[in-house]
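# Inside the fold
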Amino acid sequence: MILFGIDHLLQQSEQIKNQRIALVTNNAARTRDGISSRLALIKNGFNLVCLFSPEHGIEATGEDGKSMPNGTDALTQLPIISLYGNTLKPSAEDLENIDLVLFDIPDIGSRFYTYLWTLTYVMEACATSNKKLIVLDRPNPISANLSLAEGPMLDEDSASFIGRWPIPIRHSCSLGELAQYFNTTKQLKCNLTIIPFSLCERTDFQPDWGNAFVATSPAIQSFESMLLYPGMCLLEATNISEGRGTKQAFCLAGAPWMDSKKTAGLFNQLGLDEVVATPIHFTPIAGKYKDQQCNGIHLTIKEPAYFQSVTNGLLLIQLIKALHPTTFEWAPYCTQVNPDGKNHLDKLLGIPNSEALFDLPLNQFIASITKLTAVNNWKNEVAPYLIY
């Protein structure tokens, strides 16, 4: 069983206990024993004075993309300042009576999962207000094996809160490593300390840790959802359900008009030995096609160590579009940070005019995405900032 950054902090930090501490966190942040990080800190004598919460709120149950209010934490009675509501960044006033900021939020290894970008805004705020920031690091649950990293690299012309700065979609790093990388490359000048995790290899996946799975947001209810997410989340930009409103979000793709048997059959003929599609019917209780039966497919990953999730998602969209030319559509995806939902695929992929890729014939499309998902010099670029 691994030791997270929070576990090491609890063992070694008498000198900071009496400082006025703000914690950026949510309910997914637990110790190795499954205790909420914020509760463990208080029980161990740390002087927590306020909490900051990311998208989905402190309970990690808020609906995707919906504004979260400030409030009071039911677990600790501490005030909560939302960083996914009226603001994305702590203000100088928020930090005025704070000596130290801790950050402890589990990530799932994808550029468009917003907790990373909340961290970057916290780094900027701490730099501006001259506050020390300690990141309590956690492993990448879909592995930090850099050979599995997948692009595209973000084009800053397509930057947004689901991708501020250039990294691959599947980045294969921990948040602590990315914090160090951005602190230098973006010259943030944050007084930054990383408390590493231990007893985990870069090639390990979440099931290898020996810890119980903890949902990181409403749609991420399993390791399989995490691993499929970097590719299947691209379905958000279409009129295909990505399985939100079921217990298998991102493991499913479907719509009332989809030919499930033909889609599964042709997908399996692509020769992706590490994943298999099975025809399925499902009825979401939220999201697209709420309370409507969808015909679709269920994806089962056979070889996680070789599975390329972004490539998988791109190929699946192209296949569904080709099979359903009169019913498939690109669609807006409205969120707090993109209220009209326009150009959502550009923001997810991090490149402009991305829908045009899917107008190519299949053989040209495959050649294009091979180049598109290449991460070029990412391994060498991030190497000086790696911790593990």
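Before reading further, recall that the structure is shown in the block above.
Residues numbered from 1 in each chain as written. Predicted model: local features only at pLDDT ≥ 70, side-chain atom pairs only at ≥ 80, totals over all residues. Heavy atoms only, no water.

## Observations regarding the layout of surface pockets
Over the atoms rolls a probe the size of a water molecule, and its path tells where empty space is left. When its volume is computed, the largest pocket comes out at roughly 500 Å³. Glu 63, Asp 64, Arg 244, Ala 286 and Gly 287 are, among the 20 residues lining the largest pocket, the residues nearest its centre. Of the residues assigned to the lining of the largest pocket, the class counts are six nonpolar, seven polar and seven charged. Reported here for the second largest pocket is a volume of approximately 260 Å³. What lines the second largest pocket is a set of 19 residues, among which Phe 4, Arg 138, Trp 209, Ala 212 and Val 214 lie closest to the centre. (1 Å grid on protein atoms, 1.4 Å probe; cavity = no way out; pocket = protein on both sides within 12 Å on 5 of 7 lines; lining within 4 Å. Points joined across faces, edges and corners; volume = space filled by probe spheres on them. Nonpolar A, V, L, I, M, F, W, Y, C, P; charged D, E, K, R; others polar.)

## Let's talk about the pairing of strand 4 (residues 79-82)
Across three bridges, strand 2 (residues 48-53) lies against strand 4 in parallel orientation. Note that in strand 4 the partner of Phe 52 across the bridge is Ile 81. Judged from the two bridges that link them, strand 3 (residues 71-72) and strand 4 form a sheet pairing that is antiparallel. Considered in strand 4, the bridge of Thr 72 is made with Pro 79. (Pairing = 2+ DSSP bridges. Helix = DSSP H or I, 4+ residues; strand = E, 2+ residues; numbered from the N terminus.)

## What to know about the pattern of salt bridges
For side chains of opposite charge, pairing can occur when their charged atoms come near one another. Under the criterion given, the structure shown has twelve salt bridges. Between Lys 89 and Glu 124 there is a salt bridge whose closest N-O contact spans 3.2 Å. Separated by 35 residues along the polypeptide, Lys 89 in the loop between strand 4 and helix 3 (92-95) and Glu 124 in helix 4 (residues 115-129) bring together distant segments of the chain. A salt bridge links Asp 104 to Arg 138, with the shortest nitrogen-to-oxygen separation between them at 2.6 Å. Pair noted here: Asp 104 is in strand 5 (residues 100-104) and Arg 138 is in the loop between strand 6 (132-136) and helix 5 (175-185), with a separation of 34 residues, a long-range link. Connected through salt bridges with shared partners, the residues Asp 64, Glu 236, Glu 242, Arg 244 and Lys 288 form a single ionic network. (Salt bridge = Lys/Arg side-chain N within 4 Å of Asp/Glu carboxyl O.)

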